[in-house]
Amino acid sequence: LFAGCVVLAVELTTINTNPEVQEYQRVELSCIIKNSNTNDPRIEWKKTRNNETTYVYFENNIQGDLKGRAEVQSQSSLVINNASRTDSGTYRCEVAAVDDLKNLAEIIINLTVKVKPVTPQCRVPKSVPVGKSAILYCQEKEGYPNSVYRWYRNSDALPDDSKTSPKFVNSSFTANTNTGTLVFTSVNKGDMGMYYCVARNSAGTARCESQQLEVYDLNIAGIVGGILVVVVVLALITVGMCCAYRKGYFSTSSGGSGQSYKNSAKPDAMNYLRSNDEGDFRHKSSFVI
């Protein structure tokens, strides 16, 4: 070390190791050379996403899908314009300073590109009988970070558990903010109303259209009465068929002609033979008068 002015190693610093930016906005990944004896150090940027590492800046040129959307400023900082959700990942700034005793340094920056949720897909049953269970669904898959969900009834936000709020203590629902499901174990008339869901993350919110949930009473007396009528009708049909069988209305006829005939008894002493001519009969020789 001479006069306290010789730098033994290249040294890097950054303004923010975990920058966040909304989609389509500009972001700077700062990589500042704090100390170095090398006038023209070699600078490289690499990106790791989904366990795959690619070059972003190599041999003084922007590489890959950032080409045309990014540039290196202030000697070593990376600036991304019109950030895309696919730009999220881990970036590594590497500086090689050949004139320094420790001639290689790097700094890691984790970039998050936040994406506003799109309109969630909501499913609300049109009508449910009193006392039955019901499930309402809400989900969207475009937002980043992942959205959380909140259900509303007639513009009132529903808690995660109805039993935790005096206003909804007569209901029997639980809400899952991560999956967007609203589950009723036993609906009542007070649960009837207009329902909608809001998806939210750090980039913004989105909601689906309101949908009506009807709750109706089961007509137990009508159901029982209908069953009794069916039973009585079936019993009458059965009795009628039995009577018809007994009176012979369903007896099968012999010979396939649809009519039943009785054969007249022939005298023991008289036999007939049919001749070749139809209708011509003659007596056997044993005919006795």
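Okay, so let's go over this structure. This one's a predicted model, so the numbers in the text were calculated from it and none came from an experiment.

## Here we look at the state of the cysteines
Summed over all chains, the structure comprises three disulfides. Across the disulfide from Cys 31 sits Cys 93; the S-S distance is 2.0 Å. In this structure the cystine formed by Cys 31 and Cys 93 twists about its S-S bond by roughly -75°; its chirality is therefore left-handed. Of this pair, Cys 31 sits in the loop between β3 (27–29) and β4 (32–35) while Cys 93 is found in strand β10 (residues 89–96), placing the two residues 62 residues apart along the sequence.

## A short note on the packing of aromatic side chains
Taken as a whole and judged by the stated rule, the model has five aromatic pairs. Measuring from ring centre to ring centre gives 4.4 Å for Tyr 55 and Phe 58, while their planes differ by 40°; the resulting arrangement is tilted. Note on Tyr 55: relative accessible area 37%, which makes it partly exposed. With centroids separated by 5.0 Å and ring planes inclined at 5°, the aromatic side chains of Tyr 152 and Tyr 196 adopt a geometry described as stacked.

## A look at the pattern of salt bridges
Per the counting criterion, the structure on display carries 13 salt bridges. For Asp 160, the salt bridge goes to Arg 150, with nearest N and O atoms at 2.8 Å. Linking Asp 160 in the loop between β16 (156–157) and β17 (173–175) with Arg 150 in strand β15 (residues 148–153), this pair joins segments that are 10 residues apart in sequence. Residue Asp 160 is classed as partly exposed on the basis of its relative accessible area, which comes to 41%. Of the residues examined, Arg 150 reaches a relative accessible area of 28% and is grouped as partly exposed.

Basis of the calculations
- Residues numbered from 1 in each chain as written.
- Predicted model: local features only at pLDDT ≥ 70, side-chain atom pairs only at ≥ 80, totals over all residues.
- Heavy atoms only, no water.
- Disulfide = S-S within 2.5 Å.
- Helix = DSSP H or I, 4+ residues; strand = E, 2+ residues; numbered from the N terminus.
- Phe/Tyr/Trp six-rings, centres within 6.5 Å; stacked < 30°, edge-to-face > 60°.
- Buried < 20%, exposed > 50% of the residue type's maximum accessible area, 1.4 Å probe, protein only.
- Salt bridge = Lys/Arg side-chain N within 4 Å of Asp/Glu carboxyl O.

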